[in-house]
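Below, each chain spelled out in residue letters.
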Amino acid sequence: MDVDTRLLRYFAAIAEEGNLTRAAHRLFVSQPSLTKQLKHLESQLGVRLFTRSSTGMTLTDAGHALARRVPSVLADWDVAVRDTRSAARVLRVGFLASAASEATDDILAAFRERRPGWRVDLRQSPWSDPTAGLAHAEVPVALLRLPFPAEDKFAIRTLFSEPRCVALSSSHRLAGRREIAFPELWDDPVVVAPALKGTWRDHWLATSERDGRNARIGAVAEQPEDFLNAIARGHGIALVPASTSLLYERPGVVYIPVTGVSPSEVGVAWLPEAGEAVADFVQCCLDVTQTRRTGCGTRWD
C-alpha cells in the first residue's frame with residue numbers, strides 16, 4: 001500500500017498538537033481540509049487513529065503505533081530526497097512573492113559560481129504558507145519575510161530590511177500624497193492573505209502599531225495578482241515592502257511611503273541538517289546582501 005508522505009506529516013502534526021485547529025494553523029491548511037486528509041489516511045489504513053472529543057484528539061492504540069514510526073519514516077524519506085537532488089545537482093529553494101527582491105539574481109549567480117553544474121529550482125509558495133514550503137519539507141531552504149510562524153523549528157539568518165509603504169487604489173482619498181502617517185489609515189479596510197494567526201499576520205496588519213484598534217478586513221487574496229486587483233478595486237489597502245513598488249507595478253494601484261510602522265525584514269531559513277549545498281546557498285545569500293549593503297548605490301538601510 002502506498003501512502004502520501006504529506007498525509008503522514010499531517011498525522012504527525014495532529015498527534016503532536018493534540019488539536020485539529022492548532023495542527024491546521026501549524027500546517028497552513030484549513031481545518032476542514034485537514035480533517036478530510038485525516039479521514040483519507042484512516043480509510044487507507046483501515047483503522048481509526050484518533051478518538052475525537054471536545055477536549056481534542058487522543059491517539060488510539062493504532063495511532064500510538066503509527067506515531068512511534070512516522071518520525072523516523074519521514075526523516076529517512078527527507079534524507080533520500082535530499083541525496084537524490086544532490087546527486088542530480090539540483091537545489092530547490094522556496095520563496096514568497098519577490099523573494100530577496102533585487103538581490104535574488106545575484107544570489108543565484110553566486111551559487112552557480114560556487115557550485116558549477118548545479119541548478120537552482122525556485123519554487124514560489126502562496127501567501128497562505130509564509131514558510132515558503134519549509135513547513136512541509138517541500139524545500140530545504142527558503143527566502144522569505146520575517147517574522148513567520150514556527151521560526152524556532154528552522155535555522156534563520158536575517159539578510160536585510162527595507163521600509164514598508166502602503167498600497168492604495170489610485171482613487172483613494174490619500175493617493176496624491178507624498179507620504180502618509182499610519183494613523184491616517186487605521187479606519188481603512190485591509191487586504192490580507194488567507195486567515196492565519198500569529199506574528200506573521202500581526203506584522204502585516206501592523207497590529208502593535210494601531211494603538212489597540214483592530215484592523216478591518218476588506219478582502220482576502222492568496223496570490224499577488226488577486227491582491228493587487230482587490231486594492232485597485234478599492235476593497236482595501238495593504239502595507240507592503242518598498243520593493244513591491246518596483247516589482248509589482250499595476251494600473252490603478254499606487255505605492256506611498258508610510259511613517260509609523262516597522263520595516264520589513266528578508267531572511268534565509270533552512271531545515272536543520274539540510275546539507276552542504278544549502279550551507280553554500282546560505283553563505284551566498286549572506287555574501288551578496290552584505291556586499292550590496294556596503295556598496296555604492298544600495299537601496300537598503
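Quick notes on the rules
Residues numbered from 1 in each chain as written. Predicted model: local features only at pLDDT ≥ 70, side-chain atom pairs only at ≥ 80, totals over all residues. Heavy atoms only, no water. Buried < 20%, exposed > 50% of the residue type's maximum accessible area, 1.4 Å probe, protein only. Helix = DSSP H or I, 4+ residues; strand = E, 2+ residues; numbered from the N terminus. Pairing = 2+ DSSP bridges. Axes fitted to C-alpha atoms, helices over the stretch in contact; angles between N-to-C directions. Parallel < 35°, antiparallel > 145°, perpendicular 65-115°, else oblique. Left-handed = near helix turned anticlockwise from the far one by under 90°. Contact = heavy atoms within 4.5 Å. Nonpolar A, V, L, I, M, F, W, Y, C, P; charged D, E, K, R; others polar. Arc of directions from axis to C-beta. Salt bridge = Lys/Arg side-chain N within 4 Å of Asp/Glu carboxyl O.

We now examine the pairing of strand β7 (residues 164–169). Taking burial as the measure, the six residues of β7 include six buried ones, the bulk of the element. Note that β7 and strand β11 (residues 238–241) share four bridges and pair antiparallel. Its bridge partner lying in β11, Val-166 is registered against Leu-239. With five bridges joining them, β7 and strand β12 (residues 253–259) adopt antiparallel strand pairing. Across the sheet, the residue bridging to Ala-167 is Tyr-255, located in β12.

It is worth spelling out the packing of helix α5 (residues 104–114) against helix α9 (residues 276–294) at this point. The geometry of α5 relative to α9 is characterised by a closest axis approach of 9 Å and an angle of 130 degrees between their N-to-C directions. Comparing their axes, α9 and α5 come out oblique. For the pair α5 and α9, the crossing hand works out as right-handed. The segment α5 lies against α9, with Asp-106, Ile-107, Leu-108, Ala-110, Phe-111 and Arg-114 engaging Ala-277, Asp-280, Phe-281, Gln-283, Cys-284, Cys-285, Asp-287, Val-288 and Arg-292. Within the contact of α5 with α9, the residues separate by chemical class into nine nonpolar, one polar and five charged.

Residues of α5 that are buried include every one of Thr-104, Ile-107, Leu-108 and Phe-111, and no others. Down the axis, α5 shows its buried residues gathered within 95 degrees of arc, on one side only. In α5, the exposed positions angled more than 90 degrees off the buried face are occupied by Asp-105 and Glu-113. Those residues of α5 hidden inside the fold are in contact with β3 (90–96), β4 (119–125) and α9.

With that out of the way, let us pick up the pattern of salt bridges. Within the structure shown, the criterion is met by 17 salt bridges. Notably, a salt bridge pairs Arg-115 with Asp-280, separated by 2.7 Å at the nearest N-O pair. Remark: Asp-280 occurs in helix α9 and Arg-115 occurs in the loop between α5 and β4; sequence separation between them is 165 residues. Judged by relative accessible area, which is 16%, Arg-115 ranks as buried. On the accessibility criterion, Asp-280 (19% relative accessible area) is buried. Measuring nitrogen to oxygen at the nearest pair gives 3.3 Å for the salt bridge that ties Arg-213 to Asp-211.

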